[in-house]
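Listed below are the residues making up each chain.
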Amino acid sequence: MRRRTLLAAGFGLAVAGASPASATKGHRVLHVRPGDSVQAAVDAVTGPGWTIVVHPGTYREVVDIPADKAELTVRGATSDPRDVVIVYDNANGTQKPDGSGTYGTAGSATFTSAAPGLTVRDLTLANDWLRADHPDITGTQAVAAYTYGDRTHFENVRLLAHQDTLFVETTALTSFDRQYFHRCHIEGDVDFVFGRATAVFEECHFHTLQRDVTFTPKGMVFAPSTARANPYGILAVRSRITSGAEDGAYKLARPWVPTYETTAWPSLVVRDTWIGPGTDPVAPYTDMREQYPWQTMRFREYGNSGPGAVVPVPENRPQLTSAEAKLHTKRTYLGDWRPRA
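Residues numbered from 1 in each chain as written. Predicted model: local features only at pLDDT ≥ 70, side-chain atom pairs only at ≥ 80, totals over all residues. Heavy atoms only, no water.

J.: Explain the pattern of salt bridges here, please?
T.: It is possible for side chains bearing opposite charge to pair when their charged atoms get close. Across all of its chains, the model carries 17 salt bridges by this definition. Of the charged contacts, one joins Asp189 and Arg131 as a salt bridge, the two residues approaching to 2.8 Å between their closest N and O atoms. Of this pair, Asp189 sits in the loop between strand 16 (185-188) and strand 17 (190-195) while Arg131 sits in the loop between strand 10 (124-127) and strand 11 (145-147), and the two are 58 residues apart along the sequence. Owing to a relative accessible area of 0%, Asp189 belongs among the buried residues under this scheme. With a relative accessible area of 24%, Arg131 lands in the partly exposed category. (Salt bridge = Lys/Arg side-chain N within 4 Å of Asp/Glu carboxyl O. Helix = DSSP H or I, 4+ residues; strand = E, 2+ residues; numbered from the N terminus. Buried < 20%, exposed > 50% of the residue type's maximum accessible area, 1.4 Å probe, protein only.)

J.: Hey, could you run me through the confidence of the model for the chain in this one?
T.: Here the chain averages 93 in pLDDT, while 92% of its residues score no lower than 70. Every residue in residues 1-25 scores below 50 in pLDDT, and together they form 62 contacts with partners more than four places removed in sequence or on other chains. (pLDDT = per-residue confidence, 0-100. Contact = heavy atoms within 4.5 Å.)

J.: Please clarify how the sheet that holds strand 5 (residues 63-65) should be interpreted in this entry.
T.: The pairing of strands in a sheet comes from backbone hydrogen bonds and takes either a parallel or an antiparallel form. Spatially, 7 strands are ordered 5-8-11-14-17-20-23 in an open sheet, and the strand pairing comes out parallel. Each having just a single partner strand, strand 5 and strand 23 (250-253) make up the two edges of the open sheet. Across the sheet, the mean angle separating the axes of adjacent strands is 10° when strand polarity is ignored. Bridging between strand 5 and strand 8 (residues 111-113) involves 3 bridges; their strand directions are parallel. Residue pairing for strand 8: Asp64 is matched across the bridge by Thr112. (Pairing = 2+ DSSP bridges. Axes fitted to C-alpha atoms, helices over the stretch in contact; angles between N-to-C directions.)

J.: Even after reading the chapter, I still don't get the state of the cysteines, so can you show me in this structure?
T.: Defined simply, a disulfide is a covalent bond joining two cysteines at their sulfur atoms. Within the structure shown, the criterion is met by 0 disulfides. Of the cysteine sulfurs around Cys184, a residue in no disulfide, the closest is that of Cys204, at 4.7 Å. Overall, Cys184 belongs to the buried group, its relative accessible area being 2%. (Disulfide = S-S within 2.5 Å.)

Written as structure tokens, this is what we have:
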């Protein structure tokens, strides 16, 4: 990696691997270009309110944003998220270089953030680890983004992986951290949107991948693990769900009750969303563990359309009433936070 001096007027920073930054009064900006390091720019941030602009290119690295980088914005330099790709290839079962064990699911993430008030926009976050390339590894979860800060906002972001693409988490079981995803593309196969955050997905595109297995279901879109005390879990609204697999190959969701949090009461509402034929319309939900049947969870739908949204067996697709639907909106989930598009 070539070394550069990063200077922000009035702030006196110097780091390796990031381009010169420009700063005006009340507005601090760092620029990252191909050959530079996104992580180096994150490390250079010294307080809230910074923006990191990532210029077109592919950045093969792991990025970790700690909690003290509050109100940070990381954005692509263009409006096309395909122009900027941050990608790596760790999996749950990948051995760490220092021999201390494997990364685990959370540790496999290409992009991790604990920072409150984070905004990510106009770029791609990917984990390109493939099962076929590593038949000896059984821990096949490979996360693209792991977020657990309140007021996390993703705008026009592509999230690409296979199993466990997007981990929407909270800082603690008692914290109801809010996350908002708008006009994002999220694809994967098994449980590829999962976690216990209060997470709203508005006008997003969920895409289930073709998977070379003979059994069904081939995977599930959602796997919430909402804390019992939290009235709001995952909400998908005015979105669409498509598939690269055959009709009925995927389930809409299954509940995740972690062994380390057996009090979880998963919550998912999918409403006003087009669901394609890749999702099983007859039995769209399934169990992850037999002792936690999906029927006992907070799974509801409302106003969905498309071939994967028909209700041939009503007891298999619990629906909200009109009165209940008024409690499951972006405003009720996000409370006093109003993220800007």
